[in-house]
Amino acid sequence: MEHERYFIKQISVFSENRPGRLAAIAKAMEEDGINIFAFSIAEADGFGVVRALVNHPDKAYRKLTGLGFVVSFTDVIGVKMRDEPGGLYEVARILGEAGINIEYSYAYSGKEAAVLILRVDNIRSAIEKILAHGGSLMEAAAFR
Amino acid sequence: MFWNERMETLKGKDLGDLQLRRLRWTVTQAGRVPFYARLLGDASVGTGDIRTLQDVAKLPFTSKQDLRGGYPFGFLAVPLREVRRIHTTSGTTGKPTVVGYTAKDLSNWAELIARNLTMVGLGEGDVFQNMVNYGLFTGGLGFHYGAELMGLTVVPSATGNTRRQIEMIEDFGVTAIHCTPSYAMHLAEVAGEMGATLETLKVGCFGAEPWSEATRGELERRLGVSAFDSYGISEMYGPGVAMECPEKDGLHIWHDSYLVEIVDPATGEALGPGEKGEMVITPLVKEAMPLLRYRTGDVTMLMDEEICSCGRGQKISRILGRSDDMLVVRGINVFPSQIEHVLFSLPEVGEQFMVYLDRIHQLDEMTIEVEMNRSTFSGELRDLHRVQEKIASALRETLGIRTDVKLVEPGKLPRFEGKAKRVVDRRGVLF
Ligand SMILES: [Zn+2]
């Protein structure tokens, strides 16, 4: 199975908790015509990580690095959610039963469906389980 | 390689005899300064009382404050018309300290610099770029004339315009540089950005501020130089007082020109080899401004070995801190150089750090902002926490105190050209 098809490159940017950093990132993306599909901020104790899903991760990486940001890629998966109650529970149950930990997650509304972004501790196994249970995953090709 | 082999390798009785003769001359010369005439009179000590080198302990100490009190020319032992040059050192408050040089002083000084530069392997054919402040600061002209004396091709580039400095290194085929270690780090950063390889560089002389072995490793790797620690203070001419030989294990201080004592900063009591304390220097050949037992404020120690494998004599250790930079945090003595040493030995730490001291609810709190290393960022918040904890625990182990470590983005902290001011003490006055 070609797991890499479903490895989505999330951009993770180190950020001190200073007002304006997020705006600076957004502005940089806009300047280069890069769309941000979704982002989340995790912060604690004086610093944080801005996580973003963009349509051109490599371009975004170059742009932000060039501006002095500290950036790295993180592999995540995007689960297309059925637009009905219980969808989130189902994903959590499938992964939980397989002993896969969700490190963090966030969501956005895609064109056809809501998408749940997941960072898990075993990405290959997560992909297999979700597909095996009839779930559908975003392909990395949608983000480049 | 020696510039003046006889003087550089003088040891034992020969050295002792020369030092004693010169010490007696210095006491006589100092007697021409009203300040010292009074001090020596009060202590009933004269040249005749100096019969052995140990008798130096009979002489009074001289402090930085004493020199300030003599502003501008109170410490000159010769008429102003015999003074060929003046330099000043800026104090933290008020007037600077003025130092004067006779023609003989200037030639003595150039000779000491020539010894240092020869010791680190330079000679005719080398191109030397002197990237420190010229003018009143002693580092510029001091190195300049010493380098010229020994036949180097000197590029007096002074400070500023780092890109231009890098272009000159490449265009002129510069083989040796002199600057502060923090400026050298900045130079390496900018050279990296420019894609400059600095192919011709082989020797870096770094001084005027303390720097760690970790910084040495970094500078040697990034600039492609062999990095040598250089020590000097304006009151002792300037740079040239001591420097590392290729052993890079302590600095050779020129014993024929400087009589070194290491004392307990609090009591003034003499300390032996291997014991850390404040370095007290009595210059032995200074004409215009002789000084007696000058309290340098620099913390170091005499090394145990009396002879170095290079053939020269007893060394002092690299400067461990300033007796007056010493921070007392929750009753514990901390030297900023210790903090630097810890931080720059950790791969997760980037290029700069800052230390802030605050008093919160009657308790000293030390906050350390650390630029993170770009290449060790994983993208995960928990890894950042791990780095933060690793730094704090390394600091706790060395300093014996708890610190609050904050990670910041690379390039966000101030860069320093000249002396780095990495400690901001906001504790104010004690009530
Ligand atoms: Zn040596």
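Our structure is the block above this text.
Treat the numbers as computed from the prediction; the structure is a model and nothing was measured.

## Remarks on a nonpolar patch on the surface
Residues and elements named next belong to chain A.
Right, on to step 1. A contiguous nonpolar surface patch, about 330 Å² in accessible area, is contributed by Leu22, Ile36, Phe39 and Ile41.
Right, on to step 2. The topology assignment puts Phe39 in strand E2 (residues 36-44).
Right, on to step 3. Exposure remark for Phe39: the relative accessible area of 46% places this residue in the partly exposed category.

## Things to note about the coordination of the zinc ion
All names here are of chain B.
Right, on to step 1. Distances from the zinc ion to its protein donors, namely Cys245 (SG), His252 (NE2), Cys308 (SG) and Cys310 (SG), fall within the range 2.1 to 2.3 Å.
Right, on to step 2. Taken together, the four donor atoms coordinating the zinc ion and their angles of 99 to 120 degrees define a geometry best described as tetrahedral.
Right, on to step 3. Here the donor residues for the zinc ion map to a single chain with the spacing C-x6-H-x55-C-x1-C. Of this pair, His252 sits in strand E9 (residues 251-253) while Cys308 sits in the loop between strand E12 (294-300) and strand E13 (315-316), and the two are 56 residues apart along the sequence. Considered together, His252 and Cys308 belong to a single accessibility category, that of buried residues.

## Things to note about the environment of His385(B)
Right, on to step 1. Structurally, His385(B) can be placed in helix H11 (residues 381-399).
Right, on to step 2. Using a relative accessible area of 23% as the deciding quantity, one classes His385(B) as partly exposed.

## As for the sheet that holds strand E10 (residues 258-263) of chain B
Residues and elements named next belong to chain B.
Right, on to step 1. Reading across the sheet, the four strands line up as E10-E11-E12-E14 and stay open at both edges, with antiparallel pairing between neighbours. Looking at strand neighbours, the two that pair on one side only are E10 and strand E14 (321-322), the edges of this open sheet.
Right, on to step 2. The pairing of E10 with strand E11 (residues 277-283) spans six bridges and is classified as antiparallel. Pairing of Glu261 across the sheet is with Val280, part of E11.

## Some thoughts on the state of the cysteines
All names here are of chain B.
Right, on to step 1. Applying the stated criterion across every chain yields a total of zero disulfides over all chains.
Right, on to step 2. Residue Cys205 stays outside any disulfide, its sulfur separated by 9.2 Å from that of Cys179, the closest cysteine.
Right, on to step 3. Overall, the relative accessible area of 0% leaves Cys205 in the buried class.

## Things to note about the nonpolar core
All names here are of chain B.
Right, on to step 1. Counting residues in each nonpolar core, the largest one holds 64 residues, and the members touching the most others are Leu59, Leu117, Ile253 and Tyr258.
Right, on to step 2. Element by element, the count of residues in this core is highest for helix H5 (residues 103-119), at seven residues.
Right, on to step 3. Ignoring sequence-local partners within four residues, the contact set of Leu117 consists of Leu122, Phe128, Phe143, Ala147, Met150, Leu152 and Cys205.

The rules behind each value
Residues numbered from 1 in each chain as written. Chains lettered and ligands numbered in written order. Predicted model: local features only at pLDDT ≥ 70, side-chain atom pairs only at ≥ 80, totals over all residues. Heavy atoms only, no water. Patch = residues over 30% accessible without salt bridge, like charges linked within 9 Å, V, L, I, M, F, W, Y side chains within 5 Å. Areas by Shrake-Rupley, 256 points an atom, 1.4 Å probe, with all protein chains shown as cover. Salt bridge = Lys/Arg side-chain N within 4 Å of Asp/Glu carboxyl O. Helix = DSSP H or I, 4+ residues; strand = E, 2+ residues; numbered from the N terminus. Buried < 20%, exposed > 50% of the residue type's maximum accessible area, 1.4 Å probe, protein only. Donors = N, O, S within 2.8 Å, 3.2 Å for Na, K, Ca; no water. Tetrahedral: all angles 85-135°; square planar, octahedral: opposite > 155°, others 65-115°. Pairing = 2+ DSSP bridges. Disulfide = S-S within 2.5 Å. Core = buried A, V, L, I, M, F, W, Y, C linked by side-chain atoms within 4.5 Å. Contact = heavy atoms within 4.5 Å.

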